Amino acid sequence: MKVVIADDEEIILKWMKKNIEVLFPECQVVATCTNGSQALACCREWKPDLLFTDIRMPVMDGMELVSQLKKEGMAPYTVILSAYDDFSYAREAMKLGVKDFLLKSEITKEELCSCIQKAENSLKSEENWKKERKQEEMKSFFLEMMKEGDWNTPERLLVFERLWGGGDYTVMILKNENEQVGLERVEQIMEFFFQEKDRKIIFMPQNEREAIILAETTENEVSKLISEVHQTLTSFGNAEIFLCAGGIGREGSDLEKIYKGAGKIAERLEFYGRTDISKTGYEQYESLFKEEQERWEAYQYEQALETLEEIFDRFRREMPDVALVKRFVLDLLLKIYWNYLDEAQRKNCSIDELILITHCKNMDILEEKVTWYARQFILELQSQHPDYSEAVCKVLEYIEKNYKENISLEEIANYVHMNKSYLSHLFKKETQKNIYSYLLDFRMEKAKKLLAETKQSIYQVGCLVGIPDSAYFSKVFKKYTGMTPLEFRKQ
């Protein structure tokens, strides 16, 4: 709290300054003045919170000083230092906004302490009232603009400037998913955070779980700010918070763009069930879905389901645009529906209901729906072809679990308790491939995935798919794909 003292008696000035600084170390006596004119100049310069002023001073007396400050719109909490015969000025002083009086001839440290505490409480109460009033005004302001959709009229821009008061800002949208922690608690933590940074914040609850926040920030700081705020909330046990911001605003005319930008990010956060936005990359999604479709063409249904799960995991990590995700999965299901099911089978799967997956509100529901349709399609498609025998199914299962090892035909035959020759004949008859060819194809598909999605060395990839000899691995990989492992990775 900044303090100015005005009195023409030097001993009073020194006594007041010393005792204020001892009793209230947080108070800063920014000026001591011997006349009202000096005090006026100091108040203009320092804009003090608290003013002690004598009434009888040369050049300009205390009453003139208080009157002039009121005219200029500067109204510090004012305490009159008075003598006995100055009480005739009391009524006039009260009209000018003077809050308290101290009798100079009887002033004590205790009285001074009580007077300053009273001033602090009054200033704090007034500050809280102004803050609450501004919060309510800003909340009404936002609600009105969102309802009417007209953000940039001259009148509204003036209102924004008055309520905000200047400075770069961002608009945050906050959603609190923790039913045990109320929004009031979240507001208190955020206000503390911004006070520590000496930044303005206006917290506008929209309901019990959501709030719009107007926060002072600087250019290129928004991502860092969101991260720090979220970390602070988590430190206080509020981990279930969705928080995002729409960018930097400098003028009132930026408000609509910033708010709507935050809304789009909030929609993505809610869809993915996340609390932060990751970088996105779209370039490989088409090839992923092309490979997925090829698995359906090759009747590799279990692998197709496994890959579908991996695609959804990748969506969660990278958080691409929600509309893009829905388009890719819908296109995949429609291609299977029209290209692989016959007319009778399509009657068992409603196309109208299938298209409704685009209305899914979050990623978990979308994955559940897509996987359900994929499994239904598999049931329909498998009804056209006899299932593999139990022995062949066990071979496929063994290869899937052990392809990383140096497995042999003898080991596989022992696993299914069959003669090697007969098992080889049976496997070739049902799958149109011999066991070693199938194993090699399986390993090459796994190698392609590792090369595309990891930074493992060529040697490490070979080891992970059961071919630790780098030269041999490169040779068979090129024969299988037409490219060396390095060329495949660079494509």
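Refer to the structure presented above.
For clarity, every value in this text was computed on a predicted model and none was experimentally measured.

(A) Fine view of the side chain of Arg268. Of note, Arg268 is situated in helix α9 (residues 255-272). A polar atom in the side chain of Arg268 sits 2.4 Å from the backbone oxygen of Met319.

(B) Quick look at the sheet that holds strand β5 (residues 100-103). Reading across from one edge, β2-β1-β3-β4-β5 is the order of the 5 strands in this open sheet, with parallel pairing throughout. Two strands in the sheet have a free side with no partner beyond their single neighbour: β2 (28-33) and β5. Recorded for the sheet is a direction-independent mean angle of 20° between the axes of neighbouring strands. Across 5 bridges, the pairing between strand β1 (residues 2-6) and β2 is parallel. Looking at β2, one finds that Ile5 is bridged to Thr32. Along the sheet, helix α2 (residues 36-46) contacts β1, β2 and β3 (50-54); its crossing angle with β2, the most-contacted strand, is approximately 150°. Against the sheet, helix α3 (residues 62-71) engages β3 and β4 (77-82), with an angle of about 150° to β3.

(C) Summary view of the nonpolar core. Judged by nonpolar contacts, the single largest core of 60 residues is most densely connected at Leu214, Leu255, Phe315 and Leu366. The element that contributes the greatest number of residues to this core is helix α12 (residues 322-339), accounting for 10 residues. Ignoring any residue separated from it by four or fewer positions in sequence, one finds Leu214 in contact with Met138, Phe160, Trp164, Tyr169, Thr170, Val171, Lys200, Ile201, Ile202, Met204 and Leu255. Of all hydrophobic cores here, the second largest spans 29 residues; its members include Tyr403, Ile412, Leu426 and Tyr438.

(D) The sheet that holds strand β9 (residues 241-245), seen in detail. With antiparallel pairing, the 4 strands of this open sheet are ordered in space as β7-β8-β6-β9. The two strands at the open ends of the sheet, each matched to only one other strand, are β7 (201-205) and β9. Neighbour-to-neighbour, the strand axes of this sheet turn through a mean angle of 20°, independent of strand direction. Relative to β9, strand β6 (residues 169-176) runs antiparallel, the two sharing 5 bridges. Looking at β9, one finds that Lys175 is bridged to Phe242.

(E) Seen up close, helix α15 (residues 363-382). Its 20 residues give α15 an end-to-end C-alpha distance of 28 Å, which sits within 8% of 28 Å, the value for a rise of 1.5 Å per residue. Along α15, the residues that are buried comprise Met363, Leu366, Glu367, Val370, Tyr373, Ala374, Phe377, Ile378, Glu380 and Leu381. Along the axis of α15, the buried residues cluster in a sector spanning 160°; they form a single face. For α15, the exposed residues set more than 90 degrees away from the buried face come down to Asp364, Glu368 and Leu379. On the buried face of α15, the contacting elements are α9, α10 (285-297), α11 (301-318), α12, α13 (343-346) and α14 (351-355). Capping the start of α15, Asn362 holds a side-chain oxygen 3.1 Å from the backbone nitrogen of Asp364, two or three residues further along.

Definitions and limits used
Residues numbered from 1 in each chain as written. Predicted model: local features only at pLDDT ≥ 70, side-chain atom pairs only at ≥ 80, totals over all residues. Heavy atoms only, no water. Helix = DSSP H or I, 4+ residues; strand = E, 2+ residues; numbered from the N terminus. Polar contact = N/O pair within 3.5 Å; in protein donor to acceptor, adjacent residues only side chain to side chain. Pairing = 2+ DSSP bridges. Axes fitted to C-alpha atoms, helices over the stretch in contact; angles between N-to-C directions. Contact = heavy atoms within 4.5 Å. Core = buried A, V, L, I, M, F, W, Y, C linked by side-chain atoms within 4.5 Å. Buried < 20%, exposed > 50% of the residue type's maximum accessible area, 1.4 Å probe, protein only. Expected span 1.5 Å × (residues − 1). Arc of directions from axis to C-beta.

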